[in-house]
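# Overview (structure and organization)
Next come the chains, spelled out residue by residue.
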Amino acid sequence: MQNRTYNVIIFVSMHILCIVALFHASKVGVLCLFLGWLLTGIGISVGYHRLITHKSFKAPPLAEKILTLFGLLAMQGGPLTWLAIHKTHHACSDSSEDPHSASAGFIYSQFGWIFNSVANRKLARFFAEAKKAYADNLWMIFLEQYNAHISVGLLVLAATTLPFATFLWAFPLRIVLVWHLTWLVNSIGHSALEINAKPRNLPWLSLLTFGEGLHATHHCNPSSPNFGSKSLDWGGFIVSTFFSDRPKSPKGRDLA
Ligand SMILES: [Zn+2]
Ligand SMILES: [Zn+2]
C-alpha cells in the first residue's frame, strides 16, 4: 500500500513543477504531454481498471504487462493498491468507508483522500485478497512492490536527460493532468458538488478519460468491459477491437 508521506511529497512537488511548466512550453513538450496522456490514460482505464481490477476481459501476458506498465506510469500507485481502493469504492460507494467518498465533498473526493491515514478495514481486506489472487503473477507483484522506485527513478532519469521544457510537460504536467482527470470521476462523477452523492455519466469527461466518465453505467455493471457507446468509451472500443471476452470461470482470481 502507498505511504502517506510519499503521497504528500509527490503530490506537492508535481504541482509545483506543474506551475513551472506553464512558463516553459515547447512543441515537443506538448506532443509528449499528449502521448503521455494517451498511453497512461489507457493504462489506467483499460489496464488497471478493466483488466486488473474487474477482470472484464482477457489479455495475453505481454499485453497485460504493457497495459499495467502504462498504468503504473500514471503514478497512481501499484496495480494491487489501485485495485483495493477501487473495489472498496464499489463496495461502499459514497459512504464513510468509501476511500474517496463524494459525500465528504469535492476537495476530499478529488484529492484530499490521498492524504487520509485513517485505517480502512475493508480496503485492507481487498488488498490482502488481491495479493492472494495475484500471488503467482510475478509481474504484478513486482509492479506493486517497486512502483514508487520505478516512477521516481524514471522521473529522475527524465529530469537529468531531457530538455527542461520537455521534461516538465512530459512528466509533471502530464502526471498532474491525468491525476485530476481520473479524480474528477471520483468527485463530480459522483455528484460531489450536489447534496446527494451518486454516480453519474459525464460524456465530456468520458472523452478525456477513455470512457471512465460514463461512471453511472459502470456502477450498474462493473464487470462489463464496455461503459457505453464506442464514440464516448474509447477504452471499451480498444477492448472489443483487440481483446477477447472475459473467461467464463476465472477460477480463484475474480474479485468482482
Ligand atoms: Zn464510482
Ligand atoms: Zn470500477
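Right, let's walk through the structure included here. (Residues numbered from 1 in each chain as written. Chains lettered and ligands numbered in written order. Predicted model: local features only at pLDDT ≥ 70, side-chain atom pairs only at ≥ 80, totals over all residues.)

## Side note on the overall build of the chain
Convention followed: We count a stretch as a helix when DSSP gives it H or I for four or more residues in a row; a strand needs E for two or more, and each element gets its number in order from the N terminus. When we talk radius of gyration, it's over C-alpha atoms, and the globule rule is simply 2.2 Å times the number of residues to the 0.38. Neighbour density around each residue's C-beta defines its exposure: 20 or more other C-beta atoms within 10 Å make it buried, 12 or fewer make it exposed, and counts between make it partly exposed, where C-beta atoms are placed from the backbone. With C-beta atoms placed from the backbone, a contact is any residue pair whose C-beta atoms sit within 7 Å.
Within the chain one finds eleven helices and two strands. Against the compact-globule benchmark of 18 Å for 256 residues, the chain has a radius of gyration of 17 Å, which places it among compact chains. With the C-alpha coordinates of the chain rotated into their principal frame, the extents come out at 50 × 45 × 40 Å. Per-residue burial for the chain yields a buried fraction of 43% across its 256 residues. Sequence separation of at least 24 residues holds for 69% of the intrachain contacts in the chain that already meet a minimum separation of 6.

## As for the nonpolar core
Quick note on the threshold: The nonpolar core is taken to be a set of buried Ala, Val, Leu, Ile, Met, Phe, Trp, Tyr and Cys residues joined by way of C-beta atoms within 7 Å.
Among the nonpolar cores identified, the biggest contains 44 residues, and Leu-80, Ala-84, Ala-130 and Trp-169 are the most heavily contacted of them. Counting only elements with at least two residues in this core, the list comes to helix H1 (4-21), helix H2 (27-53), helix H3 (61-72), helix H4 (79-91), helix H6 (121-133), helix H7 (138-161), helix H8 (164-186) and helix H11 (234-242). It is H8 that provides the largest number of residues to this core, a total of nine residues. Formed by seven residues, the second largest nonpolar core is a distinct cluster that contains Ala-102, Ile-188, Ala-197 and Leu-205.

## Structural notes on H6
Put simply, the test is: Expected span, for any helix, means 1.5 Å times one less than how many residues it has. Along the arc lie the directions from the helix axis toward the C-beta atoms.
Counted at 1.5 Å a residue, the expected span for H6 with its 13 residues is 18 Å, and the 18 Å between its end C-alpha atoms agrees. Along H6, the positions that sit buried rather than exposed are Leu-123, Phe-126, Phe-127 and Ala-130. Down the axis of H6, the buried side of the element spans an arc of 100°, and every buried residue falls inside it. Along H6, exposed side chains directed more than 90 degrees from the buried face belong to Arg-121, Ala-128 and Lys-132. Summarising the contacts, the buried residues of H6 are in contact with H4.

## Considering the packing of H7 against H8
To keep things clear, this is the line we draw: Axis definition: a line fitted to C-alpha atoms, over the contacting stretch in the case of helices. Angles run 0 to 180 degrees between N-to-C directions. Should an angle lie under 35 degrees it is considered roughly parallel, over 145 roughly antiparallel, and from 65 to 115 roughly perpendicular; all remaining angles are considered oblique. Left-handed is the label given to a crossing in which the near helix is rotated counterclockwise from the far helix by less than a right angle, and right-handed is the label when the rotation is clockwise. Gly is placed with the polar residues, together with every amino acid not listed as nonpolar (Ala, Val, Leu, Ile, Met, Phe, Trp, Tyr, Cys and Pro) or charged (Asp, Glu, Lys and Arg).
Look at H7 against H8: their axes get within 8 Å of each other, and the N-to-C directions meet at 160°. Comparing their axes, H8 and H7 come out roughly antiparallel. The handedness of the crossing between H7 and H8 comes out as left-handed. In this structure, H7 uses Leu-155, Ala-158 and Ala-159 to contact H8, whose residues at the interface are Phe-167, Ala-170 and Phe-171. Classifying every residue of the contact of H7 with H8 gives six nonpolar, no polar and no charged.

## Here we look at the environment of Asn-201
Turning to its location among the elements, Asn-201 is positioned in the loop between H8 and helix H9 (203-208). Owing to 17 C-beta atoms within 10 Å, Asn-201 belongs among the partly exposed residues under this scheme. With residues up to four places along the chain from it excluded, the contact list for Asn-201 reads Gly-213, Leu-214, His-215, Ala-216 and Thr-217.

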